[in-house]
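Coordinate analysis (summary)
What follows is each chain in one-letter form.
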Amino acid sequence: MAYKSKQPFKLPIPIRCGAKEAQNLNMALIETFIRQHQEFTPRYAYLENLYKGMHTIFHDEQKKEWEPDYRMAVNFPLYITSTFCGFGYGIPIKVSHDDETFFDSLSRFQEANEIDDHNGELIKQACIHGHAFEYMYQDELGNTRVSVLKPSQCFVVYDDTVEERALLAIRYGYHRRGLNDHTSVLYGELMTSESRIYFDDGKIVDELPQPYGKINVVEWRLNDERMGLFEPIAALCETYERVLSSKANDVSAFAEAILKIVGADMEPDQARAALMNRIMILVKEGVGDTETSADADYLTKPSADGTQENLLDRLQELIFTISQVANISDESFGSATSGVSLSYKLLAMSNLAKTFDTKITKSIRKRYKLFCQLPTNSSDLNAWKGIDLKFTRNIPNNISEEVQTAVQALGITSQETALSLLSFVKDPKEEIERMESEQSNSIQAQAEIQSGLLNWPLNQIEEEPAE
């Protein structure tokens with residue numbers, strides 16, 4: 001049968017609105033925005049199903065009962081996402097600030113929200129869907145908390161000017177109307193820089209002031225187009241699965257080949273029973289004559305094993321090439337004997353991660369800009385500007401090669417620059433202070449030893465009494 005492509009889906013282009021129109025917020029306008037957003041939700045569901053291994057091959061038409069019908073989901077999307085996230089962000093993003101008081105407040109916020117795990121989930125969702133949302137709120141104790149929202153749960157409406165300013169954000173979902181009424185009703189929250197409007201079952205039910213003075217939602221994007229990490233190779237992945245499944249069906253068909261018997265004299269009931277046991281009876285005219293002889297052999301379909309293998313190899317190569325994520329389980333990675341050769345193999349994935357770094361940096365700064373809006377978090381509204389972010393790639397390092405390079409660099413660079421070439425040195429400045437402290441202690445210890453030897457009284461050695 002011919003397989004119809006399930007793509008393309010509509011990419012999540014920004015929802016726009018005039019600034020004047022956004023000032024008159026009502027339930028009709030909210031529902032209009034939600035209907036526009038729901039045009040994108042089939043794509044989100046498709047990409048999430050790909051990541052989870054629930055691929056469209058399982059929904060294809062069933063074959064006849066006696067035909068092999070294997071369905072194999074080769075989860076390239078999961079492998080690609082896990083590999084990229086582990087390589088680019090397996091080592092947590094390091095946040096630092098020169099102001100110790102503000103940094104202490106920042107550290108408490110990060111610890112309370114387990115920010116490393118939170119960042120990892122946001123990055124994963126952005127890789128799957130192309131973008132994700134971070135929702136900031138105050139809990140019952142007045143502490144600032146953050147939560148991850150999938151793009152199917154939340155969206156932002158922008159103005160229709162060249163500035164593309166965010167006018168509002170909407171978080172929504174569906175729940176039952178009551179315990180005995182299973183009807184699904186719309187509920188959610190609309191957020192602006194001035195207020196938070198709650199709605200449920202077609203009505204606005206509450207409105208509260210916005211404590212942050214800004215929309216308390218931050219968008220994390222993988223790219224400006226909001227394309228998922230494995231979205232460009234989705235069709236290649238599904239084709240790979242169908243070829244592999246067809247190959248498995250061919251193997252099964254060969255193992256369960258039908259025995260063809262020509263010239264046998266059998267009753268119709270016997271012939272039907274034989275077919276269920278994978279035996280086909282072909283009766284010739286004149287059966288029963290002494291001159292007619294029976295013949296038996298197996299029915300086998302032509303094998304295309306070589307063609308299938310070549311296609312599978314080509315598809316796998318294209319999947320990793322177009323996704324720009326390295327196939328680190330490939331045997332060729334074992335031949336990378338130096339850091340330079342390994343860097344070349346990871347160059348495409350490294351460039352992809354660096355591009356994502358710029359988007360992440362922008363989003364994290366927006367997070368801490370919101371964080372600084374509350375006086376309980378910071379006394380300085382602009383403290384977020386001094387935040388420094390450090391991204392570290394999670395790759396195996398050749399320590400001896402790094403040490404050799406750092407030693408050679410000492411003659412032409414500063415000590416701090418040379419130490420920064422060592423992956424196991426987290427903070428070059430701190431390491432220099434430790435070295436100076438150790439050197440100072442060593443000099444002092446040697447001076448004390450020498451002073452002790454010089455002052456040692458020679459006459460303390462008593463002669464043994466003569467017998």
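Thresholds applied
Residues numbered from 1 in each chain as written. Predicted model: local features only at pLDDT ≥ 70, side-chain atom pairs only at ≥ 80, totals over all residues. Heavy atoms only, no water. pLDDT = per-residue confidence, 0-100. Contact = heavy atoms within 4.5 Å. Pairing = 2+ DSSP bridges. Helix = DSSP H or I, 4+ residues; strand = E, 2+ residues; numbered from the N terminus. Axes fitted to C-alpha atoms, helices over the stretch in contact; angles between N-to-C directions. Phe/Tyr/Trp six-rings, centres within 6.5 Å; stacked < 30°, edge-to-face > 60°. Buried < 20%, exposed > 50% of the residue type's maximum accessible area, 1.4 Å probe, protein only. Lys NZ or Arg CZ within 6 Å of the ring centre and 35° of its normal. Parallel < 35°, antiparallel > 145°, perpendicular 65-115°, else oblique. Left-handed = near helix turned anticlockwise from the far one by under 90°. Nonpolar A, V, L, I, M, F, W, Y, C, P; charged D, E, K, R; others polar. Polar contact = N/O pair within 3.5 Å; in protein donor to acceptor, adjacent residues only side chain to side chain. Patch = residues over 30% accessible without salt bridge, like charges linked within 9 Å, V, L, I, M, F, W, Y side chains within 5 Å. Areas by Shrake-Rupley, 256 points an atom, 1.4 Å probe, with all protein chains shown as cover. Salt bridge = Lys/Arg side-chain N within 4 Å of Asp/Glu carboxyl O. Lys, Arg positive; Asp, Glu negative; His and termini not counted. Charge placed at Lys NZ, Arg CZ, Asp CG, Glu CD.

1. Some details on the confidence of the model for the protein
Chain-level pLDDT for the protein is 82 on average; 80% of the residues reach the 70-or-more range. Within the model, the stretch residues 1–5 combines pLDDT values under 50 with three contacts to residues more than four positions away or in other chains.

2. Looking at the sheet that holds strand E10 (residues 217–221)
Spatial ordering of the open sheet is given by E4-E3-E10, a layout of three strands whose pairing is antiparallel. Looking at which strands have only one partner, the edges of the open sheet turn out to be strand E4 (144–149) and E10. The average angle at which neighbouring strand axes cross in this sheet is 25°, direction not considered. Across six bridges, the pairing between strand E3 (residues 131–138) and E4 is antiparallel. The residue bridging phenylalanine 133 from the neighbouring strand is leucine 149, located in E4.

3. A look at the pairing of strand E9 (residues 203–209)
In this sheet, E9 lies alongside strand E8 (residues 195–200) in antiparallel orientation, the contact comprising six bridges. Within E9, the residue paired with phenylalanine 199 across the bridge is isoleucine 204. Once E8 ends, the chain turns through two residues before running back antiparallel as E9, passing aspartate 201 with a positive phi of about 55°.

4. Brief notes about the packing of aromatic side chains
With the rule as written, the count across this model stands at 14 aromatic pairs. Pairing tyrosine 89 with phenylalanine 356 gives two aromatic rings, centres 5.7 Å apart and planes at 85°, and the pair type is edge-to-face. A residue pair is termed long-range when its members are at least 10 positions apart, and tyrosine 89 in helix H4 (residues 76–89) and phenylalanine 356 in helix H11 (residues 347–371) qualify at 267 residues. The pair formed by tyrosine 89 and phenylalanine 356 is uniform in burial state, with each residue classed as buried. Measuring from centroid to centroid gives 5.8 Å for tyrosine 135 and tyrosine 137, while their planes differ by 25°, and the two rings are stacked. An aromatic cluster is defined as three or more aromatic residues linked by ring pairs; in this entry it consists of Phe76, Tyr79, Tyr240 and Phe320. Its end group placed over the ring of tyrosine 135, arginine 171 keeps NZ or CZ at 5.4 Å from the ring centre. We note arginine 393 situated over the ring of tyrosine 89; from NZ or CZ to the ring centre the distance is 5.6 Å.

5. A closer look at the packing of H4 against helix H6 (residues 115–129)
In the contact formed by H4 and H6, the axes pass within 10 Å of each other and the chain directions differ by 135°. The angle between H4 and H6 falls in the class oblique. Like other packed secondary-structure pairs, H4 and H6 cross with a definite hand, here right-handed. In this structure, H4 contributes Thr81, Phe84, Cys85 and Tyr89 to the contact, and H6 contributes Ile123, Lys124, Cys127 and Ile128. Tallied by class, the residues present in the contact of H4 with H6 amount to six nonpolar, one polar and one charged.

6. Structural notes on the sheet that holds E8
The strands that make up a sheet pair up through hydrogen bonds in the backbone, lying either parallel or antiparallel. Strand order across the open sheet formed by six strands is E1-E5-E6-E7-E8-E9, with mixed pairing between neighbours. Among the strands making up the open sheet, the edge pair consists of strand E1 (15–17) and E9. For this sheet, the mean inter-axis angle between neighbouring strands, taken without regard to orientation, is 25°. Docked against the sheet, helix H2 (residues 27–37) engages E1, strand E5 (154–159), strand E6 (166–176), strand E7 (184–191), E8 and E9, running at close to 85° with respect to E6.

7. Regarding the environment of histidine 131
Mapped onto the elements, histidine 131 comes out in strand E3. Distance in space between the C-alpha atoms of histidine 131 and arginine 221 is 4.3 Å, their sequence separation being 90 residues. When neighbours within four sequence positions are excluded, histidine 131 is seen to be in contact with Pro12, Tyr44, Gln125, Ala126, Pro151, Glu219, Trp220, Arg221 and Arg226. Polar side-chain contacts of histidine 131 include one of 2.8 Å to the side chain of tyrosine 44. Polar contacts involving the side chain of histidine 131 include one to the side chain of glutamate 219, which spans 2.8 Å.

8. Observations regarding a nonpolar patch on the surface
A contiguous nonpolar surface patch, about 340 Å² in accessible area, is contributed by Ile399, Val403, Val407 and Phe424. Tracing the sequence through the fold places valine 403 in helix H12 (residues 399–409).

9. Examining a positive patch on the surface
A contiguous patch of positive charge on the surface is contributed by Lys214, Lys362, Lys366, Lys369 and Lys385. Residue lysine 366 is classed as partly exposed on the basis of its relative accessible area of 44%.

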